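# Examination of the molecular architecture
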Amino acid sequence: MRDLIAIGGSTAVKRWGFVAMHAAIAAAFMFMLQRFFMNASQETSLLWALFFAVCAAGLAYKQSIR
């Protein structure tokens, strides 16, 4: 762990923080949309939220390594 900090750990932390934030916001948005606006069941809403979180994390990661 010390090697990451010495090499530029703050950059790595910022990158993974950005990816996690992007995934969390996408999951929350999709859950709210499915659950409250489209009246889907809780299980369906959670499944869609998980799917969108994974996709959003992948996109954010691809953007962060550019």
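### Thoughts on the environment of Ala27
Checked against the element boundaries, Ala27 lands in helix α2 (residues 9-37). The contacts of Ala27, once residues within four sequence positions are left out, are Ala49 and Ala53.

### Some remarks on the nonpolar core
Ala23, Ala27, Phe31, Ala49 and Ala53 together form the largest nonpolar core, which totals five residues. Counting only elements with at least two residues in this core, the list comes to α2 and α3 (42-64). Among the elements that make up this core, the one with the highest residue count is α2 (three residues). The contacts of Ala49, once residues within four sequence positions are left out, are Ala27, Met30 and Phe31.

### Let's talk about the confidence of the model for the protein chain
A residue-level look at the protein chain finds 86% of positions with pLDDT of 70 or above and a mean pLDDT of 88. Ranking the elements of the protein chain by mean pLDDT puts helix α1 (residues 2-7) last with 50 and α3 first with 96.

About the cut-offs
Along every chain, residues carry numbers that run from 1 in the direction the sequence is written. Totals for whole chains, interfaces and linings use every residue, but because this is a predicted model, local features are given only for residues with pLDDT of at least 70 and side-chain atom pairs only at 80 or more, for both listing and counting. As a rule here, side-chain values cover all heavy atoms of the structure and leave hydrogens and water aside. Only DSSP runs of H or I covering at least 4 residues are called helices, and only runs of E covering at least 2 are called strands; the numbering of each starts at the N terminus. Any pair of residues with heavy atoms lying within 4.5 Å of one another is described as a contacting pair. Remark: nonpolar core denotes a set of buried residues (Ala, Val, Leu, Ile, Met, Phe, Trp, Tyr, Cys) joined through side-chain atoms within 4.5 Å. Partly exposed residues are those whose accessible area sits between 20% and 50% of the maximum for their type, while under 20% is buried and over 50% is exposed, using a 1.4 Å probe and protein chains only. The predictor rates its confidence in each residue with pLDDT, a number between 0 and 100.

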